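Below are the chains, spelled out letter by letter.
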Amino acid sequence: MIQTQKNDNPIPSAMPVARMVDLVKRFGDHTVLDGVSLEVYPGEMLVVMGGSGCGKSTCLRHMIGSMSPDEGHVELFGKDITDMDDPELDTLRKRFGILFQSGALFNSMTVGENVALPLQEHTDLDEETIDIMVKIKLEQVGLREAVDLMPAEISGGMKKRAGLARAVALDPEILFYDEPSAGLDPVTSAEIDHLMMDLSQKLGVASVVVTHEMDSAFRIADRMVMLDKGRVLMEGRREEFEAIRDGEPTGDDRIDLIRQFLRGDSQGPITQRRQASGYEEDILNAALGGKL
Amino acid sequence: MDHGSRRNPVEAIGAKVLGNLTYIGGLSLLLVKTMRWIGLGLFTKKVRLDGVAVSTQMIRVGIKSLGVVMLVQGFIGMILALQMEPPLALYSQQGQISSIIGIAGFRMLGPIITAVVLSGFAGASIAAEIGTMVVAEEIEAMEAMALNPVRFLVVPRVLATILMMLLLTPIADLMIAAGGYFIGKIALGPEVYREYWKSMRDILKYRDFYTGMIQAGVFGLLISLIACFEGLKVRGGAEGVGNATTMTVVYSIVAIIAAAGVFTVVFYVFKL
Ligand SMILES: Nc1ncnc2c1ncn2[C@@H]1O[C@H](COP(=O)(O)OP(=O)(O)OP(=O)(O)O)[C@@H](O)[C@H]1O
Ligand SMILES: [Mg+2]
């Protein structure tokens, strides 16, 4: 028994809530995802990290079925969604929530109406019950007094929180977050982190969080995945990543690259890679009018 | 997509034709989806048509465009009367001005000019609104919440625009007629205005009105479909939104004139 718990796989017996297998996605001849596999288990918080433009949002879009892969497949709740038609997908969509990078509130509706919308459309509850539910959801994210405000009248952090209230309106089994703390001050960002942890601990919701705020990532993660050049560079428990972050450089390029990213150092393999890509030569060449 | 210069002319024309066919294909697909949702809304209990959304849309574009439609159509009537008087006066046929204005107005100019005005008001604002929603990830959020954008955004806008066309067109028809009368009264003399309303009533048949109304409805459908289509395919920020509004107006006007041509032929052949 104890043996199995020490296994790499955190909850070996459980079936993953969401799973991505050898996913390949190309835009034209640009391969954005090049064989990515990952799993999310019930109740766990998976953080996906990686440099800007490495395909994190694209990864998320595949998991929610709004993009279809060129190769590989995605499973939600044990069902392959790759070739699903819209009505089938819609029944699954009611079981997850997503918080977009910008909050993505509907700007023509008040905050309250935004949160009420999924309830009105997907449940048979009457208006009064919905009203109460909306108040409860908004209270959870500390926005009860903003119920009648329009999205344009609230701040970026409030939009994210309102988006979160809407995402959890239908009590989802899995939540996806795209950069929940980007562009927020440290305190608001910590508040959002707490909200997310609350949701996953109290309600047992599985979460996939895309972020490159390292403080927040280490605060919330159970397990982490680092993407680079469209591949999974490393996947493991938070402690393993912490060990790399706090350790010394190893000389192993892969580990040092992860270490530089986690520490946010300006020197390291990532920087070297950029220099090796011929950038300086390019600039010099341009400066000398192509005489090099 | 700056490969135009490297293509030979035949290829370039081919690509253009293919591009237009793809566009029409996309538009037709949107039409089918829209019709399907309207059908489900009318004939099943499961999907309800949102009357509030439709009336909001109607008020938003209808009130704004009413004044302009009336003004423009009044001027059209005046221009027609002024332009026709000299040649008709040669044969002392000024009395015919009202019949010609009546037929031209009710059958064609009422709906077509109203549609052109509305493509600027309704079409452009629909494209801009939906385009902005695309840019702000709202459409994606909608889909991820299992809410169908065609049902939520396209259907109310299409219904509202068609209804607006049907409401504005009779007003437009009357304004054209009134414009002609007004010019007769102040400039052209009693030969034109004395029998104006009577001879217009005598010549106009019921079908002159309803052929105009059929066209009005179809123009409304074309404007709103093109606007929604352009809005939904916006990519890349504010620039994309601006481009979508421009293309909406351009394509709407082309579509309106082309449809009017087809209608004229059909009505002529079937003697309507
Ligand atoms: N719809 C699309 N069409 C073409 N290319 C796309 C599309 N979506 C994303 N890309 C490209 O895919 C790459 C990855 O984009 P993605 O948005 O997934 O990055 P990201 O890791 O989320 O970056 P960020 O941290 O900046 O949000 C980028 O190079 C982007 O240009
Ligand atoms: Mg992103």
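All values reported here derive from a predicted model rather than from experimental measurement.

Reading guide: rules and limits
Starting afresh in each chain, residues are numbered from 1 along the sequence in its written order. Here chains are named by letter from A upward and ligands by number from 1 upward, in the order in which they appear as written. Local features are withheld for residues below a pLDDT of 70 in this predicted model, meaning they are given only at 70 or higher, and side-chain atom pairs are given and counted only at 80 or more; totals for whole chains, interfaces and linings count all residues. Note: side-chain values were computed over all heavy atoms of the structure, leaving out hydrogens and water. A run of H or I in DSSP counts as a helix once it spans at least four residues, and a run of E counts as a strand once it spans at least two, with each numbered from the N terminus. Residue burial is assigned from relative accessible area. The probe radius is 1.4 Å, only protein chains are included, and a residue is buried under 20% of its type maximum, exposed over 50%, and partly exposed in between. It only takes one pair of heavy atoms within 4.5 Å for two residues to be counted as in contact. Each accessible area is a Shrake-Rupley result for a 1.4 Å probe, and residues are judged covered by the shown protein chains and nothing else. Charged residues are defined narrowly, with Lys and Arg counted positive, Asp and Glu counted negative, and His plus the chain ends left uncounted. The atom standing in for a charge is NZ when the residue is Lys, CZ when it is Arg, CG when it is Asp and CD when it is Glu. Radius of gyration here is computed from C-alpha atoms only, and the compact-globule reference equals 2.2 Å multiplied by the residue count raised to the power 0.38. Two strands qualify as a pair provided that DSSP identifies no fewer than 2 bridges between them. One side-chain nitrogen of Lys or Arg within 4 Å of one carboxyl oxygen of Asp or Glu is enough to make a salt bridge. Any pair of N or O atoms that falls within 3.5 Å is considered a polar contact. Within protein, one atom must be able to donate a hydrogen and the other to accept it, and sequence-neighbouring residues count only if both atoms are side-chain atoms. Throughout, near means a residue has at least one heavy atom within 4 Å of the molecule or strand. Three classes are used: nonpolar for Ala, Val, Leu, Ile, Met, Phe, Trp, Tyr, Cys and Pro, charged for Asp, Glu, Lys and Arg, and polar for all others, with Gly counted as polar. Side-chain atoms within 4.5 Å link the members of a nonpolar core, which is a set of buried Ala, Val, Leu, Ile, Met, Phe, Trp, Tyr and Cys residues. Here the axes come from fitting lines to C-alpha atoms, over the contacting stretch only for helices, and the angles between their N-to-C directions go from 0 to 180 degrees.

A count of helical and extended segments in chain B gives 9 helices and 0 strands. Of the regular secondary structure in chain B, the N- to C-terminal order runs α-α-α-α-α-α-α-α-α. Projected onto the principal axes, the alpha-carbon positions of chain B cover approximately 65 × 55 × 35 Å. Going through the 272 residues of chain B one by one, you find that 46% of them count as buried. A separation of at least 24 residues holds for 82% of the contacts in chain B among residues at least 6 apart in sequence. Carbon and sulfur atoms provide 70% of the accessible area of chain B, an area that totals close to 13800 Å². If you average the places of the 22 positive and of the 16 negative side-chain charges in chain B, the two averages end up 8 Å apart.

Secondary structure assignment for chain A yields 12 helices and 10 strands. Relative to the 2.2 N^0.38 estimate, which gives 19 Å for 292 residues, the radius of gyration of chain A is 21 Å and therefore close to what a compact globule would have. Dimensions along the principal axes, computed over C-alpha positions, put chain A at roughly 70 × 55 × 40 Å. Burial status across chain A gives 48% buried among its 292 residues. In chain A, of all internal contacts separated by at least 6 residues, the share reaching a separation of at least 24 is 63%. Here chain A has roughly 14500 Å² of accessible surface; of this, 48% comes from carbon and sulfur atoms. Measuring between centres, the 31 positive side-chain charges of chain A sit 3 Å from its 51 negative side-chain charges.

Turning our eyes to something else, we now look at the pairing of strand E6 (residues 96-99) of chain A. Residues and elements named next belong to chain A. A two-sided burial pattern is seen for E6, the buried positions comprising Phe96 and Ile98 on one face and Gly97 and Leu99 on the other. As judged from the 4 bridges shared by E6 and strand E7 (residues 174-178), these two strands associate in the parallel manner. Bridge pairing links phenylalanine 96 to isoleucine 174 in E7.

Let's shift gears to the interface of chain B and chain A. Between chain B and chain A, the contact holds 15 residues from the first and 20 residues from the second. If you look at where chain B meets chain A, you find 3 salt bridges. Salt-bridge contacts for arginine 61 of chain A lead to glutamate 137 of chain B; the nearest nitrogen and oxygen are separated by 3.7 Å. At the surface where chain B touches chain A, the tally comes to 5 residue pairs in polar contact (both at pLDDT 80 or more). At the level of elements, helix H4 (138-144) and helix H5 (149-188) of chain B are the ones that each hand at least two residues to the side of chain B that touches chain A.

What follows concerns the site of ligand 1. All names here are of chain A. Near ligand 1 there are 14 residues, and of these Ser52, Gly53, Lys56, Ser57 and Thr58 occur at the shortest range. Between ligand 1 and cysteine 54, the relevant distance is 3.3 Å, taken from an oxygen atom to a main-chain nitrogen or oxygen of the residue. Residue serine 57 places a side-chain N or O atom 2.7 Å away from an oxygen atom belonging to ligand 1. Considering ligand 1 on its own, with 640 Å² of exposed area, one finds that the protein chains cover 62% of that surface. Those elements that provide at least two residues to the shell around ligand 1 are strand E2 (30-40) and helix H2 (56-63). Take the shell around ligand 1: its biggest share by element is 3 residues, from H2. Partitioning the shell around ligand 1 into residue classes produces 3 nonpolar, 9 polar and 2 charged.

Time to look at the nonpolar core. All names here are of chain A. Counting residues in hydrophobic clusters, the biggest one holds 50 residues, and the most contacted among them are Met49, Leu138 and Phe241. Setting aside chain neighbours within four positions, we find phenylalanine 241 in contact with Met49, Phe218, Met224, Val225, Met226, Met234, Glu235, Gly236, Ile258 and Leu262. Ranked by size, the runner-up nonpolar core spans 36 residues in total, among them Ala18, Val32, Ile81 and Leu89.

We note that phenylalanine 77 of chain A has phi near 50°; this positive angle belongs to a residue other than glycine. Here phenylalanine 77 of chain A is to be found in the loop between strand E4 (71-76) and strand E5 (79-80).

This part takes up the sheet that holds strand E9 (residues 223-228) of chain A. All names here are of chain A. Judged by pairing direction, the sheet is mixed, and its 6 strands sit side by side in the order E6-E7-E8-E3-E9-E10 without closing on themselves. At either margin of the open sheet sits one strand with a lone partner, and together these are E6 and strand E10 (231-237). Going across the sheet, the axis of each strand differs from the next one's by a mean of 15°, ignoring polarity. In the packing of helix H10 (residues 253-263) onto the sheet, the strands contacted are strand E3 (45-49), E9 and E10, and the crossing angle to E10 comes to about 75°.

A word on the sheet that holds strand E1 (residues 18-27) of chain A. Residues and elements named next belong to chain A. Strand order across the open sheet formed by 4 strands is E2-E1-E4-E5, with antiparallel pairing between neighbours. Lying at the two open borders of the sheet, with one neighbouring strand each, are E2 and E5. Across 2 bridges, E4 lies against E5 in antiparallel orientation. In the sheet register, leucine 76 faces E5, and the bridge partner there is lysine 79.

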